[in-house]
Amino acid sequence: MLPDDVRRLAEGLIADHLPGGGWTFAFDRAVRRAGACHHADRRITVSRHLAERAEEDEVRQVLLHEVAHALAGHRAGHGPRWRAACARVGHSGGRLHERPIAEDRARWVGTCPAGHEHRRFRRPERALSCGVCSRRFDRGALITWRRADPV
Ligand SMILES: [Zn+2]
Ligand SMILES: [Zn+2]
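Note that the structure is predicted; figures quoted are calculated from it, not measured. (Residues numbered from 1 in each chain as written. Chains lettered and ligands numbered in written order. Predicted model: local features only at pLDDT ≥ 70, side-chain atom pairs only at ≥ 80, totals over all residues. Heavy atoms only, no water.)

Enquirer: Please explain the pattern of salt bridges as it appears in this structure.
Expert: Should their charged atoms come close, side chains of opposite charge can pair. Counted according to the given criterion, the structure contains seven salt bridges. Arg 53 is the partner of Glu 52 in a salt bridge, and the nearest nitrogen-oxygen pair spans 3.4 Å. Note that Arg 60 and Glu 56 form a salt bridge whose closest N and O atoms lie 3.2 Å from each other. Of the two residues, Arg 60 and Glu 56 both sit in helix H3 (residues 56–72), four residues apart, roughly one turn of that helix. Overall, the relative accessible area of 28% leaves Arg 60 in the partly exposed class. (Salt bridge = Lys/Arg side-chain N within 4 Å of Asp/Glu carboxyl O. Helix = DSSP H or I, 4+ residues; strand = E, 2+ residues; numbered from the N terminus. Buried < 20%, exposed > 50% of the residue type's maximum accessible area, 1.4 Å probe, protein only.)

Here you go:
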């Protein structure tokens, strides 16, 4: 989805389900989770990485998961209060979306001669050397790429 569309979707859901609560939306840079609910700041965030790659349905479910956290309160965790809030807002997916989305979809795994692992969404077109082994391009630290196992 385009960032503007994600923002519109998020602000619409906040207006529908959290009216007058002072909640706002922002992007974050997480790669290990799809979204987050920051109770102290009254802010719901979605990973930019997720937003770029996901369809509207998926982004909507991530947002609803966080909206349900906002409704249920910080202490509810993923317990009964949160599940009741999920039912109210129409969140279907349980905790499915807490998997590390960006890494799940990183389809290429590269390994340098020293064994450092690197992940990319696409196979790099140019030869890359390992940034852990050497800060500059180094023929001795070339990364070899293979397709990641499906998850
Ligand atoms: Zn959660
Ligand atoms: Zn290395």
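Enquirer: Help me understand the coordination of the zinc ion (ligand 2), please; the structure alone is not making it clear to me.
Expert: Metal coordination angles in their ideal form are 109.5 degrees for the four-donor tetrahedron and 90 or 180 degrees for the six-donor octahedron. Those protein atoms acting as donors to the zinc ion (ligand 2) are Cys 112 (SG), His 116 (ND1), Cys 130 (SG) and Cys 133 (SG), and they sit at 2.0 to 2.3 Å. Along the chain, the residues that donate to the zinc ion (ligand 2) are spaced as C-x3-H-x13-C-x2-C. Pair noted here: Cys 112 is in the loop between strand S4 (108–111) and strand S5 (117–120) and Cys 133 is in the loop between S5 and strand S6 (144–147), with a separation of 21 residues, a long-range link. (Donors = N, O, S within 2.8 Å, 3.2 Å for Na, K, Ca; no water.)

Enquirer: Could you clarify how one ought to interpret helix H4 (residues 80–89) in this entry?
Expert: Each α-helix winds once per 3.6 residues, and so residues spaced three or four apart point in a common direction. For H4, the set of buried residues is Trp 82, Ala 85, Cys 86 and Val 89. Projected onto a plane normal to the axis of H4, the buried residues spread over an arc of 105° and lie on a single side. For H4, the exposed residues set more than 90 degrees away from the buried face come down to Pro 80, Ala 87 and Arg 88. On its buried face, H4 is in contact with helix H1 (3–17) and H3. Note on H4: the residue one or two positions beyond its end, Gly 90, has a positive phi of about 85°. (Arc of directions from axis to C-beta. Contact = heavy atoms within 4.5 Å.)

Enquirer: Is there a simple way to explain the packing of aromatic side chains in this structure?
Expert: Think of a pair of aromatic rings as described by two things: how far the centres are apart, and how the planes are tilted against each other in angle. As enumerated under the stated definition, the model contains one aromatic pair in all. Their ring planes at 80° and their centres at 5.1 Å tell us that Phe 25 and Phe 27 sit as a pair that is edge-to-face. Look at Phe 25 and you get buried, because its relative accessible area is 6%. The ring of Phe 121 is capped by Arg 53, whose NZ or CZ atom sits 3.5 Å from the centre of that ring. (Phe/Tyr/Trp six-rings, centres within 6.5 Å; stacked < 30°, edge-to-face > 60°. Lys NZ or Arg CZ within 6 Å of the ring centre and 35° of its normal.)

Enquirer: Would you mind showing me how to read the environment of His 49 here?
Expert: Residue position: His 49 is located in helix H2 (residues 48–53). Taking relative accessible area as the criterion, His 49 reaches 26% and is therefore assigned partly exposed.

Enquirer: Honestly, the sheet that holds strand S1 (residues 24–28) in this entry has me stumped. Any pointers?
Expert: Through backbone hydrogen bonds, the strands of a sheet pair up, either in parallel or in antiparallel fashion. On the basis of which strands lie adjacent, the open sheet formed by three strands has the order S1-S3-S2 and mixed pairing. Either end of the sheet is taken by a strand with one partner, and the two such strands are S1 and strand S2 (35–38). Across the sheet, the mean angle from the axis of one strand to that of its neighbour is 25°, orientation sign disregarded. Pairing geometry for S2 and strand S3 (residues 43–47), over four bridges, is antiparallel. Within S3, the position partnered with His 38 by the bridge is Arg 43. Across the sheet, H1 lies against S1 and S3, angled at about 145° from S1, the strand it touches most. (Pairing = 2+ DSSP bridges. Axes fitted to C-alpha atoms, helices over the stretch in contact; angles between N-to-C directions.)

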